Structures are given as C-alpha cells and as structure tokens.
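Coordinates in review
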Amino acid sequence: MPIQKTSTLFSLAALAVGALLAFSSAANAADKTLTIYTYESFIAEWGPGPKVKEAFEKTCACTVDFVGVADGVALLSRLKLEGEGSKADLVLGLDTNLVSEAKDTGLFEDHGIDTTAVKVPGDFKDPVFIPYDYGHFAVVYDTQVLKAPPASLKELVEGDPSQKIVIEDPRTSTPGLGLLLWVRSVYGDKAPDAWAKLKNRVLTVTPGWSEAYGLFTKGEAPMVLSYTTSPAYHMVAESTDRYQAAAFSEGHYIQIEVAGLLKNAKDKQLARDFLSFMIGPGFQDTIPTNNWMMPVSATSQPLPDAFGKLVVPQKTFLMSPEEVARNRAAWIDEWLAAMSAN
Amino acid sequence: MTPAERRRALAGGVFSLAGILLFVGLAVFALLTFAGASSSSMSALADPYTLRILRFTLLQALLSTLLSVALAMPVALALARQRRFFGRIWIIRLMAVPMGLPVLIGALGLLAIWGRRGIVNDTLAWLGLQEPIHIYGLAGILLAHVFFNLPLACRLMLIGLERIPAEYWLVSGNLGMPGLSVFRFIEWPALRRLVPGIAGLIFMLCATSFTLVLILGGGPAATTLEVAIYQSLRFDFAPQRAVSLALMQIVVTAGILGFLTLFPAPEDRGIAAGKPVRRLDGRKIAARLWDVTVLSLAVLFLGLPLAAVALAGARADLPKLLGETIFWRAALTSLSIALGAGLLSVSLAMAITQAREAIAAKRNPARIARLFSATLGGTSSLVLLVPPVVLATGWFLLLLPGGDTSMLAPVLVLGINTLMSLPFVIRIVAPAMAAHRIRTARLSASLGLAGWTRLRLIDWPGLKKPLLMALSFAMALSLGDLGAVALFGADGLTTLPWLLYSRLGSYRTTDADGLALLLGLICLGLTIAGTAGLKIPEERDER
Amino acid sequence: MSGDVKTGENGAGIALDGVRLRLGTQDFDFDMALPAGKIIAVTGPSGSGKTTLLNLLAGFETPDRGRVLLAGQDVTALHPSERPVSLVFQDNNLFSHLDLFTNIGLGISPRFALSSADRDRISAALARVGLAGFEKRLPPSLSGGERQRAAFARALVRNRPVLLLDEPFAALDPSLRQSMAALLQALHDDTGNTVLLVTHDPAEVRRLADHALFVSQGRIALSAPVDAFLAHRNIPEVLDFLGS
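Since we're looking at a predicted model, the values are computed, not measured.

Moving on to the interface of chain B and chain C. Taken residue by residue, the interface counts 28 residues in chain B and 33 residues in chain C. Both faces considered, chain B and chain C share a buried interface measuring about 2,700 Å² in area, 57% of it formed by carbon and sulfur atoms. For the chain B face of the interface with chain C, the top three residues by lost area are Asn174(B), Leu175(B) and Phe185(B), together amounting to 25%. Here Arg278(B) makes a salt bridge to Glu61(C), at a shortest N to O gap of 2.5 Å. Counting across the interface, chain B meets chain C through 9 residue pairs in polar contact (both at pLDDT 80 or more).

Following this line, the structure appears as structure tokens:
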C-alpha cells in the first residue's frame, strides 16, 4: 500500500504548519509593554485602536500591545480561561451587563483614578470599571420603506405585524440582551406579554449584530435593533441619511463600554496612566468616528454634524449589573417561552 | 499486502486514531476538569428546553437530509447521463462553491432570491400576488440546508455513478432498457451503496448547523443543540454543560447514523476498465428534455444565490480591497491553513483507509481487529459532531500553561479544520483507494514494485484525480470556516472569513460583499484545480 | 421493433456500404459484405478499428456517411436496442449486483416483465450453457468462464440473428478458451446465427471461423473465406498475425 505517500503528505502538511507558525510569530519586542485585551473591531485598522496606540505611546515611552478577541463576551470568557495567569494588564471592552460577572472572577482591582470628567447618561459609577464610551440601543429603520416609524416601544410592540424587525438573540449577543433588558425596564413583569405581541413583528432572531444588520441593509426588513449612533456611520462614511434611529418616548436602554485594571498587571502605574489617558481627549477623540459610539468626556473638536442629528434619548434605562446577573437566566427563559409559543 | 505493508498500514491506523482521539479527548478533559467554571446549570440535560431543542435539531436535520439527498439524485443522474455538453464541468465546479462560503454569505445570497425582498417575491408581487413567500421558519432552514448540501450529495453521487463499468451502458443500450429499467437495475444499485454514507454526512452537518438555523429559523423555536452548546460556553460559561450537551449530540446522532448502517450495501465489484463511457440512453429526446429541465432547475437554484453574492460583491470597491495588505495577509493565512488542513486530512484519510483495508484483506480478522476497523470508520465520520467551539476552548485551556496562545492558534485552527473535513475526504478517498487497489495491487506485487517507483508510476497516476478532488474539497471547507478558535483571541490570525465578518461587524457591508466574492472566486479556483483531471479520458467519444 | 426481426435458419448477412467515419483525427472507411449464418473472425492490430467496426454494427457509433445493413435491413438510423444484434464483451457483460436470473431476464424484457414461459426459457438457457441451477448466483461469485457462459445464455434468450463478440475469451486461460469456443460453435449450430468475433488469437480463427477479416488503419485490408485467409501471403501484417 502507498504508505510512503502518506508520509510525504504528512511532511508537506508539517511544512505548511511550520510556515504558518513562523509567519504568525513575527512580532513582539520592547522593554516596557502594556498589554490590553479588547475586542477585535476596536483594533481593526479603521477602529480607534491604531490611533489610540500611537497617541498613548507618544506619552509613555512604552509599547501598547492589543490582543483582540471576538467581542465583549469572549473577552470575559478568555479572562476566565486564563485566570491568574493572564498576560493582560488592562481589559477594555466589557459592557455594564458583564461587570458583575467580571468582578466575580476576582481578577480585577479598583482603578483608583479620578473620573469626575466622565459623564454618561444613567450616571454609571464603579470603583473597578471606567466607562470609555456608550450608546443607546435603538430601532434603526429604513426611511425609504418606513414613513411612520414607531415612536415608542409600545408602538413597536403593538404595531403593524407586516412591518418586520430583525433582532438579535439574547442567548448569544449583547444587543439581544440589551433589548431583553429594555423591554423588561419598560414592561416589568408584563414583559412576556409584550414579547408575545412583538413576536409577530420579528422577522427573525440572529445570533449576532452583524447578521441582523446585514439582513437590514440588504432590505429584508425595514427595522433592526441597533444603536442610536448607527445613522452617524451612514451619514459620515456613506453620506446618506436613509437609515435613521427611531426615538422611543419611554426612553432607551444604554450600553456602556468599560475598561478595568487587572490585579496582576505587571506595571500598574503604566496601566493607570492609560486609564487616565482613556478618559481624556487623546482617546475620546477617536471614539465617535472610529468606534461609532458616544464619547464619555469632552473631545478636543466638536463632534461631526451628523452626531447632532442623532436621537438623544429623553430617558435612559440602565439596570445594575447585579440585577442583571441575578435575573438574566430567568428572563431569557421567559423570552424563550414567549417567543417559541405558537 | 506483504506482512510488512500490513504492519505499516495498521500502525498508520493506530497512529491516526490515537491522534484524533487525543485531539478531541484532551480538549474535553481540559474542559471537564476546568476549575474556574460555574457548575450551576450542570443538572439540566433532561430539562424540557433541552429536550425540545433536541427534537427540533433532529427533525430539521432529518428533513434537510431527506430533501437534499432526494433532490440531488436526479441532478447527479442527469449529469452522469449527459456526459458532454457545454458548461458541464462548470456546473460541477459551481457545486463546490457553496461549501466554501461562510454560511452567513450563503444565507444572504439565498435571501436575495427567496427573501421578502428577493426576486421570487418581487416577481410574484409584479404578477399581482399579494401574499409574499415567507421562508423564515422550518422552510427557510430546509431551503438553506438543501442549498449547501445538495451540491455535496450530488458530487459524491456523481463520483459513484462514474465508477459504473462502461460495458453496462453498452449492454443496456443493446438490450434496449428503458430509463426506468436503467434506474432500477444500474443507477439505483450504484447509488444505494452511497446514499447511507452521504445521508449520514449531511445529517451530521445539518444537526450541527447553527448560524443558518438561527438566521432563517425566524425565532428561538428554531434552535439546535449547537446553539445551546455555544451559549453554555459563551454567555453562561459552563464548560461541563457544554461537554454534556456535546456528548448528547454525539450519542443521539451516532445512534441515528448507526440505524443507517442497518441497510446493508452490496459491495461494488464491477471495475471500470477505463473504457470510454457511452450513454446512448441520454441521446433520446425525452431523456434530454428531462435532463435539461433538471439541470436548469439545479443551476438556477444553486446559481442564482451565488450570482446574487457575486453581483453584490461586484459593487464593492474591489481594487481597493485587493490593494489592502490585510487582504493578502488574510488570504495567505486562509490558504496556508486550508492547504495544511487539506493535506493532513487527506493523509489521515489514506492512513485510515489503508488500515481498514489491511484488516479487511485478512481472511479471518480477529474480533479486536474488526472492532478497531469499525472504530476507525466511526471515528472518522463522527468527528463532525464535535462542536469546534468545544475543541477550541478545551485546547485553549490546555495550551495556556505554555504561555503564548497566539503562537498555537494557527495550529489549533489547522487541527480543527483537519478533523472537520476528514469525513468528507474519506468519502472520496476510501472508494478510490479500494478501486485502485483492486486494479493494481496484485500486478504491482507480482512485479515487485514498491517504494518510490510504485508511488511515482502506479499510485500517484491512479490516485491523483480523487486525491486532488479530496484536497480541493477539504480546502474549500477550511476556507469558509470562521475559525472557532479565534473567538478567544488569535492575535494576528486573520483568515478571510474572519476579515469578512469583522467588516460586517463595523458597518462595512459593501467591503464584506466584495470579500465574499473574492472568497467565492478562490473556492472556484480550488475546485478548478480539483477537477483538472476530470475530462481527459472521454475526450472524443460522444458527439 | 426488435421483436419483428425474424431469425431465419440462415442468420443474417452483414454489410457496410460505403461507411465513412471520423473520430478525432482518425478516419474509418469500411466497405464490405459478409455471408449470413457464418462465424466471421475480425482480426487486425490494436487501434486498427476492430472495435469501431463492432460499434458501427451495434449502433454505438453512427457513420458520417454510408449505410449499415443487417439481415438485409438498413439499420443505420436505428437505436442499438432496435438492431437485430446481441453483444458479448471481454468483461463486465453482467451487472455484477444482479443475479444471473435477472441479468438474463433483462435480455428478454428490458423492463423485466417476465411471463412464466420466459422464466422457463431463462433456466433452459442457463442449462444449455452448462450453468443449470445458477439462477440466484451473483456474477462476482462465478469464475471468468462461468460469467462468459452466462453472457452467452443471455444472447441465447435474446435470439437475435447477429451476435457480436469483442474478444470474449481474451481474459480466459487457454484450456478454458477451447471449451468456450466449443460452446460458441454449438450455440451457433443450434441457432444458425451470424457471429462476428473480434480476436487476437490465430488459433481461434483456425478453430472457429468460416470467414475472416483483417482490419488495418481504419480499412478492411482483407476479407476472405477462412481457407483463403489462412493461405494469404501478400500482406505482411496478415502474415505477422498468422505467423505468431
């Protein structure tokens, strides 16, 4: 039998592996390094990462080393997997809903820096985690299809079932969880009834934001669950005001993205310097048009005009991380039951 | 086989099996023993939720499999019957493209045709019909699964049909067997040998489907076990529960697949002697009309969504994308992983096949040998049921003490892709090697051919075609894979699907469309290489 | 339809009338008339066109020009199944996954709709070729010679006036070839059919043929009664063939 061939193929494969290894390890070198775990889109070439790295490195005589994972949830999972042995000095990109779980890992310590400059709706304050940007969840709609968007969550829930919306799954995505909490905030214990009604308007439930937004921009549904800041991207980068967010009279649920300092950080002073830098203009300037979120403190330049046209929620909903952690499983079960009923 | 060859073949089998089991087992072990996990929801394997999604998982997989196999059959028969027409090779190549596309892209392509704003509904609306087709729900899931799996089934069936000895067609022509007789006495017996294997493969693919089920399922009523596994590892971070669910997935599916093996497949003993095949039955008008209809429908069904993907991609700024270094880096990474995984997968498939042949060749294999052979066979197909996210997480844990996980991420993706493509590769490699052995083994042995000479003169020419095809299959599969390991961070490991998703994840839909087109073109390129040897022998026989 | 063709006691004459055919870069040009009710050997070097000649008669190739005549009937435009011929190849004559009964039954009814008389005929044919009781056997369980006997049994039940054989004994060992040749001769004597036998073996020509052809470079180089053929001295290729 051609056993020799097998071994030839094996060695070819081994070569490929070797090439790949050599190829991926060509990096790393500098005396003082700050390792920051974040989500991948933060460090994409169009994200804030490259600019932030450049700006901070000018002030610190150090190297900023970003490690990107899929998203905020994966960030927390990675920390749990690595535990005490994590290389991370800072973690940037958790949201408030994950804060409680993150603290439970016991891997973080108080940041201990002055955060008076930080202004976020709902006044989130935490000794461990510092907000660096935020956005309100919102129903974004296609003005070419929908002339009269819902003006409240109630109108969304009770409106014409033939006008569909794409939402994300709270089991697998943060916007999905956001909507779950939003409905809960507005409807309280009546949330399951609201979901039972809303179900008829839901075209489909996607595993993540990307899939939902993709379906929306392909025209499958005139509405999608996204952020109040989404239209800014289309206005600034694509010069179109076709996609707009609907202002809901009850108010909007907020997503606040935060950063925290790890107990085992190598150089805590450097890490704290970064956190201070993070809430200053050098960092905040990059947020609006790179992360397409709202800055948490003053930027050196006024925000682009498009941001002036965005929906500013009259009221902000935000549940405490502890409340979310306590009820998430039960609320998801409720959601499942309501959404799966025939 | 000489005793030495048999020993080597068996050693190769043991080595391969050990490799696979270790790769899976260590990951599972790491997850099960992970201390930092919340062991809260461990209890709930038999809760109503799990049972409900288990039922749905199996139901949709069963229906998807039935539809994919049943619809692939006429297409494969038509392709086998019409051996020379303009574009035939391109239809075959087209069939490799859905496999290589990230499922989200395929879904968007399908929706451009069947969605609420798709051309089918637009046409219906234009005709004055009010109620548009609403595919979200089971219908959408089935549609998508057929779209992705019909081509796979079709190509595997075609391989089998093309192994039918050329004389059969002369005899059937001479006897004047009508189409139904040809199907009953020639085509169906050939297909019947293949269908259980193909159906099993598709069943596993559909049972572990995740993104498609969620996107097209219309709501959480459509949820598969894979979703629950993903959820337990991500949001809930309960590795033990994830492993239990994964085990449940493997056990239940394996049970159903075991049921499939109860249909004994008669052995394929006819050997195509390499004579040119003449399908006179395909020249009749009725047969031509039928085949043209079937193939047109198949091409439309598969081609339109792909065309929609291509069209959307053509609107992107392709020169800009091609000018980006990150694109080339991602393409190189993807291709290296795909090539590495493809070669490994083909090697594993060959080693496993040789070991199983070595055992089958013994007149009275010991029970342990038979058991080993069955384990090899089962393992090499059931690996498809191990959720990549479980492997990725487990290995991440294992490799942590070694420090730099970023170094090992490519190796992990490679390993996972190797395993995931193994079941496909083995379906191509095993029958080809069996036929090759029957054709050449005795002669080679009698001439004392061995080693490099035999490899160069006998084995490579004889096996080149199926091996290249298997390699291109495996590579296409790896190319479309997002790389579950990247979930937890694979710094610098940017594959094409990963790049595509990251563009999509930051509003850059047009870029993503363009990348989808480029990815599709790469897959097409691969399958052109994989089908390169396909049309040589029957160049001149039919007009 | 096939059933209409009567098998006369004399079998059927075979003629290729100005047949031209081009396959790829090779030209074929056949013009011949062969006697009815005889065993005719077709010889010639590899690639000379023997199989193409057979394919033209069986209907697997259609001539670019000229006519194919079988039993005095112009069959040029007929489908293989409508021609009054039966076929036996070197190998794979039987569907290996079907038992002999089914394989032979398909020769009577391609839809496999058999009357009880048909069933009896199948068993009789099997008995005639020395395979009595082999109805349920699968081809892979038979020896090469037995498989060829079964193929003859199918030709027997088909009862066509012309039998085309493409090196039917080439894969068998010499002693088996002799007994198979004897069987072929006996069946021919029974039915009086016309047999066209492609062969590489001069001994087979001597043993069986009444008439012989030599095909060379797409043409009939020689067509003669077997005595004249064996005595032929003018064409070096024929001498080579006979001398070996």
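This paragraph deals with the interface of chain B and chain A. How big an interface is tends to be stated in terms of accessible area lost as the parts join. On the chain A side, the residues contacting the 88 residues of chain B number 74 residues. Summed over both sides, the interface between chain B and chain A buries roughly 7,000 Å², with carbon and sulfur atoms accounting for 66% of that surface. Summed over the shared surface of chain B and chain A, the result is 2 salt bridges. The partner of Asp513(B) in a salt bridge is Lys218(A), and the shortest N-O contact between them spans 2.9 Å.

Okay, the arrangement of the chains next. Here the protein chains form 2 pairs of chains in contact, of which the pair with the most contacts is chains A and B. There is a gap between chain A and chain C: no contact, and a shortest C-alpha distance of 24 Å.

So, on to the state of the cysteines. Here the structure, examined in full by the defined rule, presents 1 disulfide over all chains. Disulfide partner of Cys60(A): Cys62(A), at an S-S distance of 2.0 Å. Between Cys60(A) and Cys62(A) the disulfide shows an S-S torsion of about -80 degrees. By sign, it is left-handed. The same class applies to Cys60(A) and to Cys62(A), which are both buried. Left without a disulfide partner, Cys154(B) is nearest to the cysteine sulfur of Cys206(B), which lies 16 Å away.

Right, let's talk about the domain arrangement of chain C for a bit. Residues and elements named next belong to chain C. Taken domain by domain, chain C consists of domain 1 (1-84 + 161-244) and domain 2 (96-159). A C-alpha centroid distance of 24 Å is found between domain 1 and domain 2. Across the boundary between the two partners, domain 1 contributes 16 residues, which contact 10 residues of domain 2. The largest per-residue losses of area from domain 1 upon contact with domain 2 belong to Met180, Leu183 and Leu187, which jointly make up 40% of the total buried on that side.

Within the structure shown, the criterion is met by 34 aromatic pairs over all chains. With a centroid separation of 5.4 Å and 75 degrees between ring planes, the pair formed by Phe185(B) and Phe112(C) is classed as edge-to-face. Of this pair, Phe185(B) sits in helix 9 (residues 179-207) while Phe112(C) is found in the loop between helix 2 (100-108) and helix 3 (116-128), placing the two residues in two different chains. Residue Phe185(B) shares its accessibility class with Phe112(C), and that shared class is buried. The ring of Tyr37(A) is capped by Arg78(A), whose NZ or CZ atom sits 4.8 Å from the centre of that ring. Between the NZ or CZ atom of Arg93(B) and the centre of the ring of Trp90(B), over which it lies, the distance is 4.7 Å.

The next thing to look at is the pattern of salt bridges. Evaluated as defined, the whole model comprises 35 salt bridges over all chains. Residues Asp169(A) and Arg171(A) are paired through a salt bridge, measuring 2.8 Å at the closest nitrogen-oxygen approach. Here Asp169(A) and Arg171(A) have matching classes, each one buried. Put simply, Arg184(A) and Asp189(A) hold a salt bridge, and the shortest N to O gap is 2.4 Å. Given the relative accessible area of 11%, Arg184(A) is considered buried. One network of salt bridges, in which partners are shared, links Glu45(A), Lys320(B), Glu324(B), Arg503(B) and Asp511(B).

This part is about the pairing of strand 6 (residues 165-168) of chain A. Residues and elements named next belong to chain A. Where burial is concerned, the two faces of strand 6 agree: the one with Ile165 and Ile167 and the one with Val166 and Glu168 are both buried. Relative to strand 7 (residues 202-206), strand 6 runs parallel, the two being bridged by 4 bridges. Across the sheet, the residue bridging to isoleucine 167 is valine 205, located in strand 7.

Of note in this structure, Asp123(A) is not a glycine but carries a positive phi near 50 degrees. Looking at the secondary structure, you find Asp123(A) in the loop between strand 4 (108-109) and strand 5 (129-142). One non-glycine residue, Asn92(C), adopts positive backbone phi at about 55 degrees. Mapped onto the elements, Asn92(C) comes out in the loop between strand 6 (85-88) and helix 2.

Mapped onto the elements, Glu324(B) comes out in the loop between helix 14 (318-323) and helix 15 (325-361). Among residues more than four places away in sequence, those in contact with Glu324(B) are Glu45(A) and Arg503(B).

Residues and elements named next belong to chain C. Chain-level statistics for chain C give a pLDDT mean of 88 and a share of 95% at 70 or above. Every residue in residues 1-11 is under pLDDT 50, and counting partners more than four places away or in other chains gives 25 contacts. Overall fold confidence for the complex sits at a pTM of 0.85, while the interface term, ipTM, reaches 0.83.

How each quantity is defined
- Residues numbered from 1 in each chain as written.
- Chains lettered and ligands numbered in written order.
- Predicted model: local features only at pLDDT ≥ 70, side-chain atom pairs only at ≥ 80, totals over all residues.
- Heavy atoms only, no water.
- Contact = heavy atoms within 4.5 Å.
- Buried area = accessible area lost by both parts, 1.4 Å probe.
- Salt bridge = Lys/Arg side-chain N within 4 Å of Asp/Glu carboxyl O.
- Polar contact = N/O pair within 3.5 Å; in protein donor to acceptor, adjacent residues only side chain to side chain.
- Disulfide = S-S within 2.5 Å.
- Buried < 20%, exposed > 50% of the residue type's maximum accessible area, 1.4 Å probe, protein only.
- Domains from an automatic or database assignment.
- Phe/Tyr/Trp six-rings, centres within 6.5 Å; stacked < 30°, edge-to-face > 60°.
- Helix = DSSP H or I, 4+ residues; strand = E, 2+ residues; numbered from the N terminus.
- Lys NZ or Arg CZ within 6 Å of the ring centre and 35° of its normal.
- Pairing = 2+ DSSP bridges.
- pLDDT = per-residue confidence, 0-100.

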